[in-house]
Amino acid sequence: MNRPGPKIKEFYITPIAVTDPPLLNAAGLHAPYALRTIVELITDDNISGISEIPGNIAIDKALEKSRNLIIGQDPFQLNQIKDILIAHFGRDKSSERGDAPWDQRTLVHIFSAIEVACLDIIGKIINRPIVDLLGGIRRDGVPFSAYLFYKYEGAGGELGFGIDPQAKDWDAARQASALNPTEIVAQAKAMCREFGFKSIKLKGGVFEPRQEVDAVMALREAFGNDTPIRIDPNALWKVETAIKYGKEMEGVIEYLEDPVRGQENMAMVRKALKTPLATNMCTTSFEDIPRSIQLGSEDIILSDHHFWGGLQASMTLAGLCETFGRDLSMHSNSHLGISLAAMVHLGAAIPNLKYALDTHYPWQSDEVIIGGRLKFEAGQVAVPTGAGLGVELDRKALVKLHQNYLDCGLTKRNDEIEMQKVQPDWTFKATRW
């Protein structure tokens, strides 16, 4: 089993906090800061590999426990690294995902962080971009969708619900309230003008369905029939609600994402509607796929390499989607450029990319990579051409954002608690309408 090759000698884990506006969703309200964790692996010949995952103190502690397991390993031997981690932590169960819109499993986060950093190292050693390690490039630019949120007025961060009156263009629009169809349309126009997005997604599950469907109709009227529109109620609707409003939106939306909770309910809605159904909540692991195929619970799986166990596992998922007639696109969480670069490499490699990917990136203003924020041209991000991820860690920015983490006092995401600061009697409900 011993093969000559580089060995990992250092393993750094840095939790950070980045400014996040008061965005609303089915689980409540975003805190003024979104948490991320930056992982850096360094080999004995001083080659650095980096990655980024959602921030959570429990996962950070698990990463700390994995440090001694990973130091001394060869970054090329990802199968061996995965086996070591499984032997120590055990396998995740799909039931551990939780009811919130984001994933709460441990091993998938740990391995995806280590795997992306290792692939970054491998790419630098052989002087090839990560997309070439995933089978090669299928497209030079990866399309993303405008990701709209209902939100309270506010810039987030130190300003909280306050705003910077000097802000202009999208920086100003990002601070504005969006609590009704008119304000949602204004947000969409500002975002599309800034980033050139050609499709639109509305994060729903916030208001009574009638209001959110009205916002979809207002977007259709404002943008015309050539702009794909989708809505994500985050599984808060009952089956009858989803069918009622799903039928109303037939011919208006390109897909309906997670209108209801669970594969069985999704399958019932899917049989009743002509509109494709997408998910990142009912089919979220490989063990979910046999039941998904048996029931016919969705048409589109929204992958996320942070939650599916890395980039290579996501390519395995792409193959299964091809085999069983599923389309594949991508889910997003609040993230910075390291995650975006990884998403772009994956998006450039997967076959038959029919639907633009999700990204929260326009909502973030901070960055942790050298050169600042990645650019969108006509709604696309060009595939980085440098070795590995093609982005490098800005160490001064990392220190600043780590200090944000220490100062803000947040250690995990809890949108319910944040919402209760505005509406004290508000509680999360798995099904609301």
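Rules used throughout
Residues numbered from 1 in each chain as written. Predicted model: local features only at pLDDT ≥ 70, side-chain atom pairs only at ≥ 80, totals over all residues. Heavy atoms only, no water. Buried < 20%, exposed > 50% of the residue type's maximum accessible area, 1.4 Å probe, protein only. Helix = DSSP H or I, 4+ residues; strand = E, 2+ residues; numbered from the N terminus. Right-handed = clockwise from strand over helix to strand, strands pointing away. Expected span 1.5 Å × (residues − 1). Arc of directions from axis to C-beta. Contact = heavy atoms within 4.5 Å. Axes fitted to C-alpha atoms, helices over the stretch in contact; angles between N-to-C directions. Parallel < 35°, antiparallel > 145°, perpendicular 65-115°, else oblique. Left-handed = near helix turned anticlockwise from the far one by under 90°. Nonpolar A, V, L, I, M, F, W, Y, C, P; charged D, E, K, R; others polar.

1. Structural notes on the pairing of strand β12 (residues 300–303)
With burial as the criterion, each face of β12 is covered, one bearing I300 and L302 and the other bearing I301 and S303. With respect to chirality, the unit in which strand β11 (residues 277–279) leads through helix α10 (residues 289–295) into the neighbouring parallel β12 is right-handed.

2. Here we look at helix α14 (residues 395–408)
The terminal C-alpha atoms of α14 lie 20 Å apart, and with 14 residues this matches the ideal 20 Å at 1.5 Å per residue to within 8%. Residues of α14 that are buried: A397, L398, L401, N404 and Y405. The buried residues of α14 occupy an angular sector of 115° when the element is viewed end-on, so they sit on one face. Within α14, the exposed residues directed more than 90 degrees away from the buried face are K396, V399 and D407. Buried-residue contacts for α14 involve β1 (8–19), β4 (33–43) and α1 (57–70).

3. A few points about helix α13 (residues 337–349)
When the terminal C-alpha atoms of α13 are compared, their 18 Å separation across 13 residues agrees well with the 18 Å that a helix rising 1.5 Å per residue should span. The buried fraction of α13 amounts to 13 of the 13 residues, a majority that puts the element mostly inside the structure.

4. Points about the packing of α1 against helix α2 (residues 78–89)
The description of two helices packed together rests on the angle between their axes and the distance between the axes. Running from amino to carboxyl end, α1 crosses α2 at an angle of 130°, the nearest separation of the two axes being 11 Å. Judged by the inter-axis angle, α1 sits oblique to α2. Remark: the crossing between α1 and α2 carries right-handed chirality. Packed against α1, whose contacting residues are A62, K65, S66, L69 and I70, the element α2 presents I81, I84, L85, H88 and F89 at the interface. Across the contact of α1 with α2, the residue classes tally to seven nonpolar, two polar and one charged.

5. Brief notes about the packing of helix α7 (residues 209–223) against helix α8 (residues 239–248)
Two numbers describe how α7 lies on α8: the axes approach to 11 Å, and their chain directions differ by 20°. Regarding the angle of α7 to α8, the classification is roughly parallel. As α7 runs across α8, the sense of the crossing is right-handed. Contacts from P209, R210, V213 and M217 of α7 reach α8 at T241, Y245 and E248. Grouping the constituent residues of the contact of α7 with α8 by class yields four nonpolar, one polar and two charged.

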